[in-house]
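# Summary of the model geometry
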Amino acid sequence: MMRVVVIPALQPDTRLIRYAGALLKRDFAQVIVVDDGSGTDYAGIFDPLSAMPGVTVLRHAENRGKGAALKTAFRYLSENLKHPAVIVTADSDGQHAEADVAQVAQQLEQALPARAIALGTRDFSGENVPFKSRAGNRITTFCFRLACGVNLPDTQTGLRAFSSELLGEMLSIEGDRYEYEMRMLSYAAKNNIALLQCPIETVYENGNAGSHFHPVRDSARVYRALFGPVLKYAAASLAGTAVDLGAFFLLSTFVFRGESRPEVLAATALARLVSASANYLLNRHFVFRQGASYSVWRYAVLAVCTLLLSSEGVYQGAHLFPEAVTTLLKAVVDVLLFVVNYQLCRKWVFKAKARK
């Protein structure tokens, strides 16, 4: 199977020319470099690259972001590849050694035909790793495990390999800047794509001065992409609560006007049925955007179990902490159930269908 390297580049130095040539000597059939709006001052780098046999240079008239640059290359490959290929993405700032690029490609080849993405995983415990890079990766690793249920020691690596069969899916992922790479990992965790870890050399030249990552702006994009589904799930839960209260008010005011226990119970049950239906539809079509017909029954089972666990948790908590406020106990129990329910909805109720 042929190998292709994709390198998004913004204002690179002359090392990129040597790097592309070295990759071609590593049995890579083609190197695709995307000039992401570097400007005319960098023609002395991109023009020699475009003249090299085996190198294709794609250009953006203005800077559009790393995600957009990757998708420009992916779109080019989807239109021009004649045979199946292993596609490797690498950075242009010297962080990925040629041997490591080849090693990641080889690990992906060994995993085929399984749906997988091989990740070049760095060791952040070394003294050469800048503090902000070490701290940032530890935070995103924890957050990714919390949001997606997968432990990845290096969530920020740009060295990745996947089969050309996944090109269509990679193009469907939202994001044009650094958040695109996080969305790619989240998409893989959600859609039964194995995330393989391949240890590579940890290189930070000049304190990673060649990076164009903006600590505040781009970090905000990354974490918004990572926690977007969780926030949507929370919004759907709040909307369900609002529907529940509104339906109970309407039913108790216009339908069950009495205050007897059967009438209150009927208004409560019907309101909960309406709000649960609304919450299910929001989760299926807005939060997770998938779910087979049987997901409604799984959701019903989860709703009943949640109701029973919530009441039991509050009951047991009141006996363990007799001086605690019952409402506070319920809030604690429901927050814990919220975290568990999100993972169950993602992995069980609205689990993505396996693709052949």
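The coordinates are above.
With that settled, the discussion passes to the side chain of Arg 346. Its location among the elements puts Arg 346 in helix H11 (residues 326-349). One buried charged side chain, Arg 346, makes no salt bridge at all; its nearest oppositely charged neighbour is Glu 169, positioned 14 Å away. When sequence neighbours within four positions are dropped, the list of residues in contact with Arg 346 reads Ala 147, Cys 148, Gly 149, Ala 189, Phe 288 and Lys 351.

Quick look at the pattern of salt bridges now. Pairing between side chains becomes possible if they bear opposite charge and their charged atoms approach one another. Taken as a whole and judged by the stated rule, the model has 11 salt bridges. Between Glu 109 and Arg 3 there is a salt bridge, with its nearest N and O atoms 2.9 Å apart. In this pair, Glu 109 is assigned in helix H4 (residues 98-111) and Arg 3 in strand S1 (residues 2-9), connecting sequence segments 106 residues apart. For the salt bridge of Lys 66 with Glu 181, the shortest nitrogen-to-oxygen distance reads 3.1 Å. Here Lys 66, found in helix H3 (residues 66-80), pairs with Glu 181, found in helix H7 (residues 179-190); they are 115 residues apart in sequence, far enough to count as distant. Judged by relative accessible area, Lys 66 falls into the buried class, the value being 15%.

All right, on to a nonpolar patch on the surface then. On the surface, Phe 249, Leu 250, Phe 254 and Val 255 cluster together into a nonpolar patch covering about 430 Å² of accessible area. In this fold, Phe 254 is placed in helix H8 (residues 217-255).

A separate point is the nonpolar core. One finds Val 6, Ile 32, Phe 74, Ile 117, Phe 162, Met 170 and Leu 195 to be the most contacted residues of the largest nonpolar core, which totals 43 residues. Top contributing element to this core by residue count: H7, with six residues. The residues contacting Val 6, other than those within four sequence positions of it, are Ile 32, Leu 70, Ala 73, Phe 74, Leu 77, Ile 87, Val 88, Thr 89 and Ala 90.

Quick look at the packing of aromatic side chains now. Scanning the model with the defined rule gives eight aromatic pairs in all. With centroids separated by 5.3 Å and ring planes inclined at 90°, the aromatic side chains of Phe 74 and Phe 162 adopt a geometry described as edge-to-face. In this pair, Phe 74 is assigned in helix H3 and Phe 162 in strand S6 (residues 160-163), connecting sequence segments 88 residues apart. This pair shows no difference in class: Phe 74 is buried, exactly as Phe 162 is. Taken together, Tyr 233, Tyr 280, Phe 288, Tyr 299, Phe 338, Tyr 342 and Phe 350 form an aromatic cluster joined through their ring pairs. It is Arg 3 that lies over the ring of Phe 28; its NZ or CZ is 5.8 Å from the centre. A cation over an aromatic ring shows up here: Lys 232 above the ring of Phe 286, its NZ or CZ 5.3 Å from the ring centre.

Cut-offs applied
Residues numbered from 1 in each chain as written. Predicted model: local features only at pLDDT ≥ 70, side-chain atom pairs only at ≥ 80, totals over all residues. Heavy atoms only, no water. Helix = DSSP H or I, 4+ residues; strand = E, 2+ residues; numbered from the N terminus. Buried < 20%, exposed > 50% of the residue type's maximum accessible area, 1.4 Å probe, protein only. Lys, Arg positive; Asp, Glu negative; His and termini not counted. Salt bridge = Lys/Arg side-chain N within 4 Å of Asp/Glu carboxyl O. Contact = heavy atoms within 4.5 Å. Patch = residues over 30% accessible without salt bridge, like charges linked within 9 Å, V, L, I, M, F, W, Y side chains within 5 Å. Areas by Shrake-Rupley, 256 points an atom, 1.4 Å probe, with all protein chains shown as cover. Core = buried A, V, L, I, M, F, W, Y, C linked by side-chain atoms within 4.5 Å. Phe/Tyr/Trp six-rings, centres within 6.5 Å; stacked < 30°, edge-to-face > 60°. Lys NZ or Arg CZ within 6 Å of the ring centre and 35° of its normal.

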